[in-house]
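Read off the chains here:
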Amino acid sequence: SSQCSPVKPTTPLVTFLDRLQETAFKTYGNSDFDPKLYVDLSLKFNLSDTEEAFKKLPRSENGSVSVEILEGFMGEYMRGAGEDLVEVVPEDYVPEPTGFLPKVESPEVRAWALEVHSLWKNLSRKVSNGVRDRPDLHTLLPLPNPVVIPGSRFREVYYWDSYWVIRGLLASKMHETAKAIVANLISLIDEYGYVLNGARAYYSNRSQPPLLSSMIYEIYKRTGDKEMVRKSLPALLKEHQFWNSGKHKMTIQDDQACNHTLSRYYAMWDKPRPESSTNDKESASKILDASEKQQFYRELASTAESGWDFSTRWMRNSSDFTTLATTSILPVDLNAFILKMELDIASLAKVIGENTISERFVEASQGRKKAMDSVFWNAKMGQWVDYWLGDNSTSCKEVHKLEASNQNENVFASNFVPLWIELFNSDASVVEKVMESFQSSGLLCSAGIATSLTNSGQQWDFPNGWAPIQHMIVEGLVRSGLKEARLMAEDIAMRWIRTNYAAYKNTSTMLEKYDVEECGKIGGGGEYIPQTGFGWTNGVVLAFLEEFGWTKDQKLDCQ
Ligand SMILES: OC[C@H]1O[C@H](O[C@H]2O[C@H](CO)[C@@H](O)[C@H](O)[C@H]2O)[C@H](O)[C@@H](O)[C@@H]1O
């Protein structure tokens, strides 16, 4: 039933741009083709007039049109991707903020950090008036405040990226820009009931790792802004409900008949992702059964909701992409994020005197902590691991029996994400055990933490390292307060900073991901070429330098 497998309808504009994308793919062919470009275009005229003209284009048998005719059509009817955003300099940006990175003593590192800081200017935009006047002509959503984008092909705001963007903005003392990002995300909750994957109409069928409460918590810590907390609380409650209801919610019953409520990723979509439609159709081409194909499309979109798109982490068979089964997995990091959301709501509600809400969320966090201990903790490995629901997880079955053998014992960086959460990092014996496990896991490489141990060619696998992963593990270690944990954290942060710096010196850019096998090497794999900019990478470098500083005689070059 539709209740069992919800689908959120898309807009007529997205459907049209999807068709344009397909025609362009047939016209230009595979090499250098980025499908996202076409769903980011906007219209110059009404959709019906544009569609009419598009239908009349002379086509060959396979549906392609000549390059000349397609380009003529695009020039006449379409505006370029990114033209609906206007570059702005954030009002709170200054070239050298007072009190910027006080622990950085090295002039070389300070100069580089200021260059990274200045990149906020390159990544700042506001939605053009055209989008507000005629939203029907744009897939870009009319967010009320200025935005900070990740960069390159990612021309719009992304949900979980924004957390690390904000961490960097806070190091850059740009508190107002950070608050504006939060207000934008809250406006999405007001409109849709959840924060979208990104601020585009085609992202409205899913969310992304839920870190809004973490953003608000960090901003509150620095600014003490209770008004912001007061305005945010209703949205946070709504978001908590989104992740704990419908298909996102799962119940696991343990041996003592105790029910544990946990969450999973589950997109409201069962067709190709519009931004990657041509790729998804190609990946699904070998699946002949219509309902299996539909399920595969849902798995693709649900994996995009996880932020880890794509990885062997979500595949039943690591060499067969069509075995993607994200909706059959209870992900350890998602539940760590929701546990953090519960802890954050409890403390933010208390700040503004909402004591009943606060107590309710303390209780919710205790329940989830217990669930995480029962379902995810693997004492033998000293890691928290994903839990697979078994083959019948796509049915509407409400309660699943806990089976220890359903834990996925493969090593992923996500197995260490719970360390980021206070209820875990405050337990010294757990931290010591997890540190030992991490040290021998094979994930820690010369230039940072790898995403997994499997080199599959997917971007969320070995040898790629991603800024958010480095940051959560490092910060978790620091927050434990243990001396050896801090030393380990500092060592990881230094490896990461050095590789970011070396790549910056070579390419003059900050990158979306790096290859952790070699200092200065950029990452690769996946469905698009490596992107530069780059919001969360810049944020993590600034946050690391804020935490650890850099002495005058510490070397910055690759060691
Ligand atoms: O276009 C393909 C996919 O791109 C996005 O995912 C990647 O970039 C995001 C922005 O930096 C990041 O949040 C995500 O973790 C990356 O894997 C997008 O989020 C996907 O939905 C999209 O299909």
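See above for the structure.
A brief structural summary.

Conventions we followed
Residues numbered from 1 in each chain as written. Predicted model: local features only at pLDDT ≥ 70, side-chain atom pairs only at ≥ 80, totals over all residues. Heavy atoms only, no water. Near = heavy atom within 4 Å. Polar contact = N/O pair within 3.5 Å; in protein donor to acceptor, adjacent residues only side chain to side chain. Areas by Shrake-Rupley, 256 points an atom, 1.4 Å probe, with all protein chains shown as cover. 1 Å grid on protein atoms, 1.4 Å probe; cavity = no way out; pocket = protein on both sides within 12 Å on 5 of 7 lines; lining within 4 Å. Sits in = over half its atoms within 2 Å of the grid points. Nonpolar A, V, L, I, M, F, W, Y, C, P; charged D, E, K, R; others polar. Pairing = 2+ DSSP bridges. Helix = DSSP H or I, 4+ residues; strand = E, 2+ residues; numbered from the N terminus. Axes fitted to C-alpha atoms, helices over the stretch in contact; angles between N-to-C directions. Contact = heavy atoms within 4.5 Å.

It is worth spelling out the site of the ligand at this point. The local shell around the ligand holds 21 residues, among which Asp-161, Asn-197, Glu-275, Gly-307 and Asp-309 are the closest. Take Arg-273: an N or O atom from its side chain is 2.8 Å from an oxygen atom of the ligand. Contact between the ligand and Gly-307: an oxygen atom at 2.6 Å from a main-chain N or O atom of the residue. When isolated, the ligand has an accessible area of 480 Å², and the protein chains bury 100% of it. When atoms are counted within 2 Å of each cavity's grid points, the one that captures over half of the ligand is the largest cavity. Grouping the constituent residues of the shell around the ligand by class yields nine nonpolar, five polar and seven charged.

A few words on the sheet that holds strand 6 (residues 249-253). Strand order in the open sheet formed by three strands is 7-6-12, and the pairing between neighbours is mixed. Looking along the sheet, the strands with just one partner apiece sit at the ends: strand 7 (259-263) and strand 12 (399-401). Looking at each pair of strands side by side, their axes are set apart by 35° on average, direction ignored. In this structure, strand 6 lies alongside strand 7, joined through five bridges in antiparallel fashion.

Another aspect to go through is the sheet that holds strand 4 (residues 124-127). Strand pairs in the sheet, formed through backbone hydrogen bonds, run parallel or antiparallel to each other. The strand order across the open sheet built from three strands is 3-4-5, with neighbouring strands paired in antiparallel fashion. Each edge of the sheet is formed by a strand with only one pairing partner; in this case those strands are strand 3 (85-87) and strand 5 (147-148). As defined by bridge partners, strand 4 adjoins strand 5 across two bridges and the pair is classed as antiparallel. What sits directly across from Ser-124, in strand 5, is Val-148. Along the sheet, helix 5 (residues 107-123) contacts strand 4 and strand 5; its crossing angle with strand 4, the most-contacted strand, is approximately 20°.

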